Amino acid sequence: MNNTQQIFLTEIIDFQSDNQIFTFTTKEGELKVNVFAEDIFQIRAKKNNQEWDNFSYSVVGGRNKVAIDIKKENEYYSIKTHSLTLKVQKNPLRLSFYNNDNELINEDDFGISWYGEEVTTYKKLQENEKFIGLGEKNGNLNRRGNYYVNWNSDAFAYSPDADPLYASIPFFMGLRPDKMYGIFFDNTYKSIFNFGAASHRHSYFKALGGEMKYYFIYGKKISNIIEKYTFLTGRIALPPIWSLGFQQCRYSYYPESEILNLADTFRTKDIPCDVLYFDIHYMEKYKVFTWDKKHFPNPEKTLKKLKQKGFQSVVILDPGIKKEENYLPYEDGKKTDIFVKYPDGELYEGGVWPGICHFPDFTNPKARVWWGDYFEELIKIGLTGFWNDMNEPAVWGKDFPDITEFDYDNHPTTHRKAHNIYGMQMARATNEGAKKFAPNLRPFVLTRAGFSGIQRYAAVWTGDNVSEDRNMLNDVRLLNSMGLSGLAFSGADVGGFVGECTKEVFNKWIAIGAFSPFFRCHTMINSRDAEPWSFGEETEEIARNYIKLRYKLLPYLYSTFFEATQNGMPIQRSLAFYYPFDEKIYQGNYQNQYFFGQSLMVCAVSSEREIHKLYLPKGNWFDLFNDTMYEGEQEIFMEIKNDKLPIFVKGGQLLITHNAISNTSQKPSKTLEVHIYRGKNIDNQAFVYYEDDGLTTNHEEKEFYRRCFWYDDENKSIEIGEVQGNYNTHFEKMRIFWHGFEKKHQHKTTNYNFVLPISNFDPWEYPEDLSKTIKKLPYQDIILKSEKMTIAFASI
């Protein structure tokens with residue numbers, strides 16, 4: 001018989017206030033409200049005989065000093081800031097959040113409850129309320145009516161309805177017009193989010209253990225909420241620019257001659273590429289921190305040859321340490337006492353690729369230092385790219401036993417609490433180890449598993465996807481959701497990892513991949529080759545064109561990554577980012593459309609048909625390839641051939657590009673191209689151009705070149721701000737192209753005397769139709785100086 005009782009917080013019997021923290025006591029437990037900022041409230045609750053848990057791996061943002069008005073009314077307490085009001089009902093204890101127009105944003109239903117160790121918060125479902133986010137989750141953009149589990153899982157060959165997957169991001173946003181909010185549930189136990197899957201009355205989120213601790217974030221735009229969420233959990237560091245280039249992987253390239261031949265083939269075929277991967281066969285019997293001496297007798301020499309050809313190298317690193325006498329990491333790990341243990345002190349053993357292994361406890365600071373020290377040799381031979389896999393953590397039996405023990409940064413616990421954070425702490429150890437031995441270089445770390453805050457340490461890819469059309473489109477939606485959840489640097493394996501990719505699917509996937517933050521082809525062992533030339537000449541040409549287009553867009557893309565370091569904005573942005581209350585964006589295939597940065601809208605489409613219906617939201621839109629202009633708020637049909645992907649530029653925005661290069665170590669020409677697309681700048685958005693050396697941390701000492709571009713259609717001008725930073729730009733002149741402007745349009749530059757004549761432009765190596773379009777455009781050359789300038793143009 002189960003005697004466990006459900007416990008709710010009932011009548012408030014005591015209230016205390018101390019330095020922006022307000023404590024409410026009931027006979028069942030306590031609730032604390034910690035005002036982190038005027039629009040961020042931390043809510044914590046514990047039942048009697050439970051200890052407060054003051055530690056968090058996720059939250060790094062500090063608390064702001066806030067002016068607060070606290071009132072005690074007959075039925076509730078009111079805690080009010082400049083932006084947000086929380087009403088705490090006295091009996092039973094329930095929470096309601098209001099904006100300062102006294103409009104309800106969010107309210108409890110049953111509030112907070114416990115059932116054994118489980119802790120749950122119940123929220124009332126509001127009419128027409130939508131829910132988005134939650135990180136790496138399949139399903140519809142609008143999560144309402146669905147149920148999700150957060151438990152990092154080795155989801156090999158996952159289907160479009162599989163849950164959970166590899167990473168857990170317990171953060172979502174609730175949307176109603178002018179009443180948007182975010183909730184971050186800071187609890188690393190297995191958690192469940194139910195957005196009305198079995199009830200039209202309430203939604204809930206719960207964890208199987210630990211404290212109820214969540215952050216309520218109010219914002220008037222989705223961008224405001226993401227900015228505040230990443231203020232709490234951190235933002236990406238600026239990655240090395242080579243990690244934004246094309247990357248090629250398979251399981252596995254070996255011996256040395258194969259990977260060197262691969263590098264030569266990219267250069268011979270004139271297909272840009274920056275990164276080649278070493279999967280598990282580079283190691284001796286899959287043992288981490290080793291090299292197979294037969295296949296790679298001199299790894300330092302191999303890496304040097306690749307670098308001379310313009311390639312960076314990335315090696316895979318799994319957490320399992322093989323139980324083998326005289327294997328240094330095994331012997332050293334035992335001596336240092338950093339492996340996961342059972343309660344009786346015996347080391348836990350699990351089977352993975354090398355065989356029976358022990359596993360570092362990455363929640364132990366001592367283990368993270370131990371792991372990081374092995375990077376001295378890796379850095380010495382020329383590596384700065386590292387790929388963490390199998391770090392959910394995965395073993396052949398699926399999960400570690402729940403009773404295994406973890407240090408949890410001197411807050412001892414079990415696997416139940418440590419599981420979801422394990423991959424993030426492994427990525428942290430990898431990142432910190434790389435920085436320790438190359439402090440002036442930016443490392444690239446890629447991880448499969450993670451938790452909220454992983455963006456501080458690594459890019460995240462979506463794991464072992466499948467080589468099918470529906471999975472290709474599903475991965476687009478996954479990346480859109482990850483972008484809404486603070487994971488700016490993310491991607492999926494182009495062509496799919498599991499199965500045999502067809503030519504038709506690869507043609508579309510390589511184009512989509514060129515417009516994703518992380519751009520890598522990958523496939524598994526014993527499958528057909530999946531390099532860009534492996535599907536015939538037509539596909540090779542399609543791949544070459546789209547990869548080159550990616551490299552031309554690097555100034556735009558790198559600037560967008562810089563933006564993500566400043567405010568947490570995603571690179572790949574769901575249409576909900578700009579149009580959260582446009583009902584059409586939540587429909588069917590329109591969920592496969594997304595923004596790539598602030599200017600480009602990509603329409604990912606199926607490879608299985610040629611006629612597609614697309615949706616153009618509010619604004620005006622230019623077809624990237626032929627400059628055809630469309631009005632927004634309409635559905636259009638387009639015939640899309642095998643070699644095309646529909647991409648539109650938003651009117652009132654701009655693209656900044658340079659000429660084609662084969663890899664990022666190669667310098668482009670001295671001309672920076674700026675493409676201005678005429679239209680209403682609805683969001684009044686500037687574009688911030690950013691440049692630095694792309695490799696070192698010197699930008700942290702203001703060694704960068706940054707300037708703001710702002711297009712104002714109403715006042716018929718383009719303003720280019722003065723230069724900020726101390727870096728000398730590579731470019732000598734700027735070439736401005738005018739899209740959507742008639743040729744008789746007159747351009748006049750003020751506050752500037754370095755203008756060259758308007759003329760026609762010789763095309764770059766774009767896909768043919770784009771080259772023809774650009775050739776017809778008027779352009780204007782301007783010698784680059786640091787002063788502010790305004791380009792005014794007369795009305796047609």
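Nothing here was measured: the structure is a model prediction, and the numbers come from that model. (Residues numbered from 1 in each chain as written. Predicted model: local features only at pLDDT ≥ 70, side-chain atom pairs only at ≥ 80, totals over all residues. Heavy atoms only, no water.)

## So, the pairing of strand 11 (residues 118-124)
For clarity, the cut-off: Remark: exposure states derive from per-residue accessible area (1.4 Å probe, protein chains only) relative to the maximum for the residue type, with buried under 20%, exposed over 50%, and partly exposed in between. For helices the rule is a DSSP run of H or I covering at least 4 residues; for strands it is a run of E covering at least 2, with both sets numbered from the N terminus onward. Here a strand pair is declared whenever DSSP counts at least two bridges between the two strands.
With 5 of 7 residues buried, strand 11 is to be regarded as a mostly interior element. Sheet topology places strand 10 (residues 104-115) next to strand 11; 6 bridges connect them, and they run antiparallel. When the sheet's bridge partners are listed, Gly111 is paired in strand 11 with Tyr122. Hairpin geometry of strand 10 and strand 11 is characterised by an intervening segment of 2 residues between the two adjacent antiparallel strands and by a positive phi of about 65° at Gly116. When strand 11 meets strand 18 (residues 202-207), the two strands line up antiparallel, connected through 6 bridges. Bridge pairing in strand 18 links Lys124 to His202.

## Looking at the pairing of strand 4 (residues 29-37)
Across the 9 residues of strand 4, 8 count as buried, placing the element largely inside the fold. By the bridge criterion, 5 bridges tie strand 3 (residues 21-25) to strand 4 in an arrangement that is antiparallel. Directly across from Thr23, in strand 4, lies its bridge partner Lys32. What sits between the antiparallel neighbours strand 3 and strand 4 is a turn of 3 residues. By the bridge criterion, 8 bridges tie strand 4 to strand 5 (residues 40-47) in an arrangement that is antiparallel. Bridged to Leu31 within strand 5 is Ala45. Counting the residues between successive antiparallel strands, the hairpin from strand 4 to strand 5 contains 2 residues.

## Quick notes on the nonpolar core
Heads up, the rule is: Residues grouped as a nonpolar core are buried Ala, Val, Leu, Ile, Met, Phe, Trp, Tyr and Cys residues, joined through side-chain atoms within 4.5 Å. By definition in these notes, contact holds between two residues if any of their heavy atoms fall within 4.5 Å.
The biggest cluster of nonpolar side chains holds 205 residues, and the ones touching the most others in it are Ile222, Leu317, Trp371, Ile510, Phe515, Tyr546 and Leu600. By residue number, the principal contributor to this core is helix 7 (residues 415-437), which donates 8 residues. Once residues within four sequence positions are removed from consideration, Ile222 is found in contact with Ile132, Met173, Leu175, Met180, Leu484, Ala576, Phe577 and Pro580. Formed by 40 residues, the second largest nonpolar core is a distinct cluster that contains Phe41, Ile43, Leu93 and Ile183.

## Topic: the environment of Gln126
By the element assignment, Gln126 lies in the loop between strand 11 and strand 12 (130-133). Using a relative accessible area of 11% as the deciding quantity, one classes Gln126 as buried. Not counting residues up to four positions away in its chain, the partners in contact with Gln126 are Leu104, Glu107, Arg144 and Arg176.

## Quick word on the packing of aromatic side chains
Rule in force here: For this analysis, a ring pair means two rings from Phe, Tyr or Trp (six-membered ring only for Trp) whose centres lie within 6.5 Å, classed as stacked if their planes differ by under 30 degrees, edge-to-face if by over 60, and tilted for the remaining angles. In this analysis the charged atom, NZ for Lys or CZ for Arg, is taken to sit over a ring once it is within 6 Å of the ring centre and within 35 degrees of the ring normal.
Tallied over the entire structure, the rule returns 82 aromatic pairs. Positioned above the aromatic ring of Tyr327, the side-chain terminus of Lys287 is 5.1 Å from the ring centre.

## Thoughts on the environment of Asn663
With respect to the helices and strands, the residue Asn663 is situated in the loop between strand 43 (654-657) and strand 44 (671-677). Since its relative accessible area comes to 5%, Asn663 is described here as buried. Asn663 sits 352 residues away from Phe311 along the chain, and the two C-alpha atoms are 7.7 Å apart. When residues no more than four places from it in sequence are discounted, the contact partners of Asn663 are Arg267, Cys273, Asp274, Lys309, Gly310 and Tyr551.

## Observations concerning the sheet that holds strand 19 (residues 212-219)
Pairing between the strands of a sheet comes from backbone hydrogen bonds, and it takes one of two forms, parallel or antiparallel. Here is the rule: Axes, fitted as lines to C-alpha atoms, cover a helix only where it is in contact. Angles between the N-to-C directions of the axes lie from 0 to 180 degrees.
Strands sit in the order 2-3-4-5-19-16-15-12 across an open sheet of 8 strands; the sheet is antiparallel. Whereas interior strands pair on both sides, the edge strands pair on one side only; in this sheet they are strand 2 (14-18) and strand 12. Averaged over all adjacent pairs, the angle separating strand axes in this sheet is 20°, with direction ignored. Direction of pairing for strand 16 (residues 180-185) relative to strand 19: antiparallel, over a ladder of 6 bridges.

## Structural notes on the sheet that holds strand 35 (residues 572-574)
Strand order in the open sheet formed by 6 strands is 35-36-37-42-39-40, with antiparallel pairing between adjacent strands. Either end of the sheet is taken by a strand with one partner, and the two such strands are strand 35 and strand 40 (629-631). Geometrically, the sheet is characterised by an average inter-axis angle of 35° between neighbouring strands, direction not taken into account. Relative to strand 36 (residues 593-596), strand 35 runs antiparallel, the two sharing 3 bridges. By the bridge assignment, Gln572 is partnered in strand 36 with Phe596.

## Looking at the pattern of salt bridges
For the record, the criterion: Between Lys or Arg on one side and Asp or Glu on the other, a salt bridge is scored when a side-chain nitrogen of the former is within 4 Å of a carboxyl oxygen of the latter.
One pass over the structure, following the stated rule, counts 43 salt bridges. Arg44 is the partner of Glu211 in a salt bridge, and the nearest nitrogen-oxygen pair spans 2.6 Å. Here Glu211 is found in the loop between strand 18 and strand 19, whereas its partner Arg44 is found in strand 5, with 167 residues between them in sequence. Exposure class is identical for Glu211 and Arg44. Each is buried. Each of Asp154, Asp389, Glu392, Arg448 and Asp464 takes part in a single network of salt bridges with overlapping partners.

## As for the state of the cysteines
What we call a disulfide is simply a covalent bond connecting the sulfur atoms of a pair of cysteines. Put simply, the rule is: Cysteine sulfurs are considered disulfide-paired once they come within 2.5 Å of each other.
All chains considered together, the criterion is met by 0 disulfides. Left unpaired, Cys501 is separated from the closest cysteine sulfur, that of Cys521, by 8.7 Å. Classification of Cys501 by relative accessible area gives buried; the value is 5%.

## Overview of helix 2 (residues 256-268)
So the rule is basically this: Under the convention used throughout, the expected extent of a helix is 1.5 Å for every residue step, that is, one less than its residue count.
Look at helix 2: 18 Å from first C-alpha to last across 13 residues, which is about the 18 Å you get at 1.5 Å a residue. Residues of helix 2 that are buried: Glu256, Ile259, Leu260, Leu262, Ala263, Thr265 and Phe266.

## Some details on the packing of helix 10 (residues 537-552) against helix 11 (residues 554-567)
Just so we agree on the cut-off: Note on terminology: angles under 35 degrees are roughly parallel, angles over 145 are roughly antiparallel, angles of 65 to 115 are roughly perpendicular, and the others are oblique. Under the convention adopted here, Pro, Cys and the residues Ala, Val, Leu, Ile, Met, Phe, Trp and Tyr are nonpolar, Asp, Glu, Lys and Arg are charged, and Gly plus all remaining residues are polar.
With their axes 5 Å apart at the nearest point, helix 10 and helix 11 run at an angle of 60° to one another. Comparing their axes, helix 11 and helix 10 come out oblique. For the pair helix 10 and helix 11, contact is made by Arg550, Tyr551 and Lys552 and by Leu554, Pro555 and Leu557, respectively. Tallied by class, the residues present in the contact of helix 10 with helix 11 amount to 4 nonpolar, no polar and 2 charged.

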